[in-house]
Structures are given as C-alpha cells and as structure tokens.
Amino acid sequence: MNRLTPIFFLIALGGAALSACQTAPATHPKPVAGFVTDTRAFEAFIATRPTPEQFRATYPDVMLVTPDMMTTREMRQNNSRYFPKMDAEGRIVGGSFM
C-alpha cells in the first residue's frame, strides 16, 4: 500500500499540471495606436467578445462609451468613439462608432 501512495501522488500532480496548461490565459493582442482604420481587424477583435478592459488595452486611443458614461452625441467621422452592445456577462458583442 505504501508503494502506491507516491505513484498516486505523481499521477494527481501530473493531472493538475496538465489542467493548468489548458487554462492558461490567451495572449493579448498588441495595442493599436490611433483611431480605428482597419475595420476588418477591429471586427475580428470584437468577435472575440472582449471585456471593456481588454478593449481599452487594445485600442487605447478609442473612447469606449459604456452604458454608465455620459457623453455628447456629436457625429464623429474618424472612428474615435465606440458605443458597444454588451451581453449579460459584460462582454462587448457589437456596437457602432458615433
């Protein structure tokens, strides 16, 4: 019985290590300087359902107008202000520039 204890421990430790590898966080995209000009890349990023924090880290120069923010409604033509649609988990699932 004592011989099986170290083997069982090593198996459990190996399983824990494998599960930790599978839950490692994904790499974050590089920050994009300036306003959005590559709309295809932006739409692909939005399709990943980012959090507002991930959005701000990736597009630091674009103003993310969340539902709790007050803002004016002037029209901007340079894709510098994004009004997101959020899901129940608080992730961005769509939206529009205004």
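Above this note sits the structure.
A brief structural summary. Predicted model, so just to flag it, every value in this text is computed and none were measured. Residue numbering note: each chain is counted from 1, following its sequence as written. Totals for whole chains, interfaces and linings use every residue, but because this is a predicted model, local features are given only for residues with pLDDT of at least 70 and side-chain atom pairs only at 80 or more, for both listing and counting. Only hydrogens and water are set aside when side-chain values are computed; all heavy atoms of the structure are taken into account.

### Quick look at the packing of aromatic side chains
Under the pairing criterion, centres of Phe, Tyr and Trp rings, with the six-membered ring standing for Trp, must be within 6.5 Å; the plane angle then separates stacked pairs below 30 degrees from edge-to-face pairs above 60, leaving the rest tilted. By the definition in use, this model includes nine aromatic pairs. Measuring from ring centre to ring centre gives 5.1 Å for Phe42 and Tyr59, while their planes differ by 75°; the resulting arrangement is edge-to-face. Of this pair, Phe42 sits in helix H2 (residues 39–46) while Tyr59 sits in the loop between helix H3 (52–58) and strand S1 (63–64), placing them 17 residues apart in sequence. Each ring, one from Phe42 and one from Phe97, has its centre 5.1 Å from the other, and the planes form 45°; the classification is tilted. We count a stretch as a helix when DSSP gives it H or I for four or more residues in a row; a strand needs E for two or more, and each element gets its number in order from the N terminus.

### A look at the environment of Ser80
Relative to the assigned elements, Ser80 resides in the loop between S1 and strand S2 (81–86). Sequence spacing of Ser80 and Thr37 is 43 residues, and the spatial spacing of their C-alpha atoms is 9.7 Å. We call two residues contacting when some pair of their heavy atoms lies within 4.5 Å. If we skip the residues at most four places from it in the chain, Ser80 touches Phe35, Asp61, Val62, Met63 and Phe97. A polar atom in the side chain of Ser80 sits 3.2 Å from the side chain of Arg76. Identification of polar contacts relies on pairs of N or O atoms within 3.5 Å, with a donor-acceptor requirement for protein atoms, meaning one able to donate a hydrogen and the other able to accept it, and with residues adjacent in sequence counted only if both atoms are side-chain atoms.

### A short note on the pattern of salt bridges
Opposite charge on two side chains lets them pair, provided their charged atoms get close. Here, a salt bridge means any side-chain nitrogen of Lys or Arg that lies within 4 Å of a carboxyl oxygen of Asp or Glu. This structure, assessed with the given rule, holds five salt bridges. With its nearest N and O atoms 2.4 Å apart, the salt bridge here joins Asp87 to Arg49. Pair noted here: Asp87 is in the loop between S2 and strand S3 (92–97) and Arg49 is in the loop between H2 and H3, with a separation of 38 residues, a long-range link. The buried label goes to any residue with under 20% of its type's maximum accessible area, the exposed label to any with over 50%, and the partly exposed label to all in between, with areas taken from a 1.4 Å probe on protein chains only. Classification of Arg49 by relative accessible area gives partly exposed; the value is 33%. As a salt-bridge pair, Arg81 and Glu74 come within 3.8 Å of each other at their nearest N and O atoms. Take Arg81: its relative accessible area is 1%, and that puts it in the buried class. Ionic contacts of the salt-bridge type, sharing partners, join the residues Arg49, Asp87, Glu89 and Arg91 into one network.

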